[in-house]
Amino acid sequence: MIARLVRNKFFWLIVVTVFSLGALSITSRPRDNLLIHEKALSYIYVPMQKGLAYVAYNTQNALTYFNDAHKLSLENKALLEQVARLEEENRRLLSLEHENKWLRDAMGLKGRFENYHEITCRIIAKEAGNWFNLFTIDKGTRDGIDSGMTVITPKGLIGQTVSATPNSATVMAIIDSGSFASARLAESRDLVGVRGDLMLKDNGLVKLVYIPVGVQITEGDTVETSGMGGIFPPGIIIGKVVSVDNDKPQLMRSAVVQPGVDFKRLEQVIVLKKK
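Because the structure is a prediction, the values reported are computed rather than measured. (Residues numbered from 1 in each chain as written. Predicted model: local features only at pLDDT ≥ 70, side-chain atom pairs only at ≥ 80, totals over all residues. Heavy atoms only, no water.)

1. Looking at the nonpolar core
- The biggest cluster of nonpolar side chains holds 44 residues, and the ones touching the most others in it are Phe135, Ile137, Ile158, Leu208, Val223 and Phe263.
- With residues near it in sequence (within four places) discarded, Ile158 still touches Phe135, Val151, Ile152, Thr153, Val171, Met172, Ala173, Ile174, Val261, Phe263, Leu266 and Val269. (Core = buried A, V, L, I, M, F, W, Y, C linked by side-chain atoms within 4.5 Å. Buried < 20%, exposed > 50% of the residue type's maximum accessible area, 1.4 Å probe, protein only. Contact = heavy atoms within 4.5 Å.)

Here it is, written out as structure tokens:
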């Protein structure tokens, strides 16, 4: 019977518990001097109490840390979402500002083309590459647009429509190698030609050709449409001369023109339809 009790774990648990309670009861009495067994117990209990206090303290700190980290994570996520919303709003406002500026500039054209209706169109497709030399607009014959119509922006001449469907039209820009426009020098009024060039297109430039003998051309001269040829109305800005080839014979001279339009960044255009 006694041997079974000695081997029983629950027996020893009860003994240790009773002993501990008794020791705590004895040591809790107010006395100046501790008994030997109380001192011995203190060597055991004090470190245990310190250890338990340390564990409890660090556990609390750990729980507080993880709780704070979770809160910070939620706050960070909310801030990131707010930043994304603000960035999207900023992009939208910049787009609206750009469109409003374009419309204000377009309003400045009112009255310049009294014999034409101005049809504003958006570009919906373009030929592969960096330049808008051949592109598609979102209006066609249903809107009164047909081939052979002048296409402009507030910055100057774009080119002309070359084909049209009921809902769209294709535009060939002046930088395209197949394009030609009758032009003149705004200062001297001398007639010249502006042609798209395969090599110059890669820089968004066009070539000034058919320069009359004796006509002096200098960098900075303004080139505009002449109205000759029956396609482009007169007085539309094409661009400015940026270089002149004076080394060739007079009849073979040419110059390079920087268009007033940025043919890398087009979104909207205006088609001129005769009234």
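Further notes follow.
2. Comments concerning the confidence of the model for the protein
- The predicted model of the protein averages 79 in pLDDT, with 67% of residues at 70 or higher.
- Taken element by element, the protein is modelled with least confidence in helix α1 (residues 2–7), mean pLDDT 48, and with most confidence in strand β5 (residues 169–173), mean pLDDT 97.
- Confidence over residues 23–29 falls short of pLDDT 50; this stretch has five contacts with residues more than four positions distant or in other chains. (pLDDT = per-residue confidence, 0-100. Helix = DSSP H or I, 4+ residues; strand = E, 2+ residues; numbered from the N terminus.)

3. With respect to the pairing of strand β1 (residues 116–126)
- Bridge analysis of β1 against strand β12 (residues 268–274) gives seven bridges, and the strand direction is antiparallel. Of the residues in β12, the one forming a bridge with Glu118 is Leu272.
- The pairing of β1 with strand β2 (residues 134–137) spans three bridges and is antiparallel. Residue pairing across strands places Lys126 opposite Phe135, the latter belonging to β2. (Pairing = 2+ DSSP bridges.)

4. A look at the sheet that holds strand β7 (residues 191–195)
- Read once around its circumference, the closed barrel built from six strands follows the order β6-β7-β8-β11-β10-β9, with strand pairing classed as antiparallel. Across this sheet, the average inter-strand angle for adjacent strands is 40°, counted without regard to direction.
- Taken together, the six bridges between strand β10 (residues 237–245) and strand β11 (residues 254–259) define a ladder with antiparallel strand orientation. Residue pairing in the sheet places Asp245 in a bridge with Ser254 of β11. (Axes fitted to C-alpha atoms, helices over the stretch in contact; angles between N-to-C directions.)

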